[in-house]
Amino acid sequence: AQTVTQSQPEMSVQEAETVTLSCTYDTSESDYYLFWYKQPPSRQMILVIRQEAYKQQNATENRFSVNFQKAAKSFSLKISDSQLGDAAMYFCAYSMNRDDKIIFGKGTRLHILP
Amino acid sequence: EADIYQTPRYLVIGTGKKITLECSQTMGHDKMYWYQQDPGMELHLIHYSYGVNSTEKGDLSSESTVSRIRTEHFPLTLESARPSHTSQYLCASSPLGATNEKLFFGSGTQLSVL
């Protein structure tokens, strides 16, 4: 069965600094999708970034980028120039290409220090 | 902001009561999902639907039931609530067609059963 592991329950970063959130996953599939979702306190969960496994190029969305290491089954999220609004729970997620069900990790709570 | 709405936002009820958690979306999405999330834990898929009259059980066994009579509406019902049902329930939707489209989430219902 596929699993998603986030080994950092909580992290803190100084405002304007860079932080990297870790995620590893386990799958026997060769084609799949990976996601990072953000859940701000008392607000809706939103998609931050998405990576297709068949693409070697790492996805980037403004200040958010990923380091996708397919062989190592690693999918870390880098947040550059951290802002107070980045404080949230961040969930790494996985989905098989032929199955729409998305499997979530336990999340990492990110604190931004002013 | 995603046009997906959940009501109520918070619900405190006594054991044995029947409850329905409402979820509606105005985006015309065929796919809808219910996730259960305990504090500091990952999201677990409990029900999903690919369209009207389509409902499936998710990976986590749940005593709740769902219905999909209209595209925009995907309510979740607990016939007899118990303290073990205390949790946050998140509704999500995504369009049919392209696989692995991002999920749009509602704000969630925090259920407490006394």
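Residues numbered from 1 in each chain as written. Chains lettered and ligands numbered in written order. Predicted model: local features only at pLDDT ≥ 70, side-chain atom pairs only at ≥ 80, totals over all residues. Heavy atoms only, no water.

Could you give me a rundown of the overall build of chain A, with the residues and numbers involved?
Scanning chain A from terminus to terminus reveals zero helices and twelve strands. Overall, chain A shows an N-to-C arrangement of helices and strands of β-β-β-β-β-β-β-β-β-β-β-β. The C-alpha atoms of chain A give 14 Å as radius of gyration, which agrees with the globular expectation for 114 residues (13 Å, within 12%). C-alpha extents for chain A along the principal axes are approximately 40 × 30 × 20 Å. (Helix = DSSP H or I, 4+ residues; strand = E, 2+ residues; numbered from the N terminus. Rg over C-alpha atoms; globule rule 2.2 N^0.38 Å.)

Break down the layout of surface pockets for me, with residues and values.
If you add up the space inside the largest pocket, you get close to 350 Å³. Taken together, 17 residues line the largest pocket, and the ones lying closest to its centre are A:Gln39, A:Ser42, A:Arg109, B:Gln37 and B:Gln88. Taken together, the residues of the lining of the largest pocket break down into six nonpolar, seven polar and four charged. (1 Å grid on protein atoms, 1.4 Å probe; cavity = no way out; pocket = protein on both sides within 12 Å on 5 of 7 lines; lining within 4 Å. Points joined across faces, edges and corners; volume = space filled by probe spheres on them. Nonpolar A, V, L, I, M, F, W, Y, C, P; charged D, E, K, R; others polar.)

Got a sec to walk through the interface of chain B and chain A? Specific residues and values, please.
With 26 residues of chain B at the contact, the number on the chain A side is 21 residues. Surface buried jointly by chain B and chain A totals about 2000 Å² across both partners, of which 46% is contributed by carbon and sulfur atoms. Remark: the boundary between chain B and chain A carries zero salt bridges. The tally of links from chain B across to chain A stands at four residue pairs in polar contact (both at pLDDT 80 or more). Of all the secondary structure elements, the ones that give two or more residues to the side of chain B that touches chain A are strand S4 (31-37), strand S5 (43-51) and strand S9 (87-94) of chain B. (Contact = heavy atoms within 4.5 Å. Buried area = accessible area lost by both parts, 1.4 Å probe. Salt bridge = Lys/Arg side-chain N within 4 Å of Asp/Glu carboxyl O. Polar contact = N/O pair within 3.5 Å; in protein donor to acceptor, adjacent residues only side chain to side chain.)

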